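A look at the structure
One letter stands for each residue in the lines below.
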Amino acid sequence: LTCLRLARNELGDEGARAFAAEIEKAARASVSTIVLTELSLASNGVGDDGACALAVALKCSGGHYRGAAASAPLRVTKLDLSANRLADRAAVELAHALSAEASSLQVLNLNENGIGNEGGAALGRALPSSPGLRRLGLKSNPLGGGAGEALAAGLEGSSVLALSLENSAVP
């Protein structure tokens, strides 16, 4: 199993925390049977608590924990959390996960959430230290001008090839 798409299943924070626990468990294992690279939890009612748990788990994916296999097969490269209930707290934690040394994320879809200036700015500041990230979706979030400025500044020197900001109150 490399791709798991569970959109529109009403998993909520509890379901997101359960996935986070499994990601952490697989990352800590010296041998893992999980080869998950793509996870979609779009339209599941996931809020900041569930997304923060996922962010913490993503920081350890890919062999970051001591004792984990150097080439651990768990490398989540695409995470879709669009159309949930994420706000600034989740975006800040996801920004920390993006800039973690072991981050393998290449695509992060946060479209249609409630991420504002603080969360958008944190993501913008994380871009230069996120060498693997290629696509970031933030459309239909109430980002505002401060987030727009931080994202624009963060793009310089980043590896991001596509940034979606439609309908995000970015002047």
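Residues numbered from 1 in each chain as written. Predicted model: local features only at pLDDT ≥ 70, side-chain atom pairs only at ≥ 80, totals over all residues. Heavy atoms only, no water.

What the chain contains, in helices and strands, is five helices and six strands. Burial analysis of the chain (171 residues in total) assigns 51% to the buried set. Of the contacts made within the chain by residues no fewer than 6 positions apart, 88% connect residues no fewer than 24 positions apart. Counting every atom, the chain has about 7800 Å² of accessible surface; 50% of that belongs to carbon and sulfur. (Helix = DSSP H or I, 4+ residues; strand = E, 2+ residues; numbered from the N terminus. Buried < 20%, exposed > 50% of the residue type's maximum accessible area, 1.4 Å probe, protein only. Contact = heavy atoms within 4.5 Å. Areas by Shrake-Rupley, 256 points an atom, 1.4 Å probe, with all protein chains shown as cover.)

Glancing now at the pattern of salt bridges. Scanning the entire structure with this criterion turns up six salt bridges. A salt bridge links Glu 38 to Arg 5; its shortest N-O distance comes to 3.0 Å. With Glu 38 in strand β2 (residues 38–40) and Arg 5 in strand β1 (residues 3–5), the pair connects residues that are 33 residues apart, well separated along the chain. According to the relative accessible area criterion, Glu 38 is buried, its value standing at 14%. Accessibility expressed as a relative area gives 58% for Arg 5, which makes it exposed. One salt bridge connects Arg 85 with Asp 13, and the closest N-O pair in it is separated by 3.9 Å. (Salt bridge = Lys/Arg side-chain N within 4 Å of Asp/Glu carboxyl O.)

Before going further, it helps to spend a moment on the nonpolar core. A general feature of soluble globular proteins is that nonpolar side chains tend to end up buried together. Counting 40 residues, the largest nonpolar core has Leu 39, Leu 54, Leu 79, Leu 81, Leu 108, Leu 110 and Leu 138 as its most contacted members. Among the elements of the structure, α1 (12–28), α2 (48–60), α3 (88–98), α4 (117–126) and α5 (145–155) are those that each provide at least two residues to this core. Considering every element that reaches this core, the biggest residue donor is α3, with seven residues. When sequence neighbours within four positions are dropped, the list of residues in contact with Leu 108 reads Leu 79, Leu 98, Leu 133, Arg 135, Leu 136 and Gly 137. (Core = buried A, V, L, I, M, F, W, Y, C linked by side-chain atoms within 4.5 Å.)

What follows deals with the confidence of the model for the chain. Here the chain averages 89 in pLDDT, and 89% of its residues register 70 or above. Here residues 63–72 is a poorly scored stretch, pLDDT under 50, and it has 17 contacts once near neighbours within four places are set aside; other chains count. (pLDDT = per-residue confidence, 0-100.)

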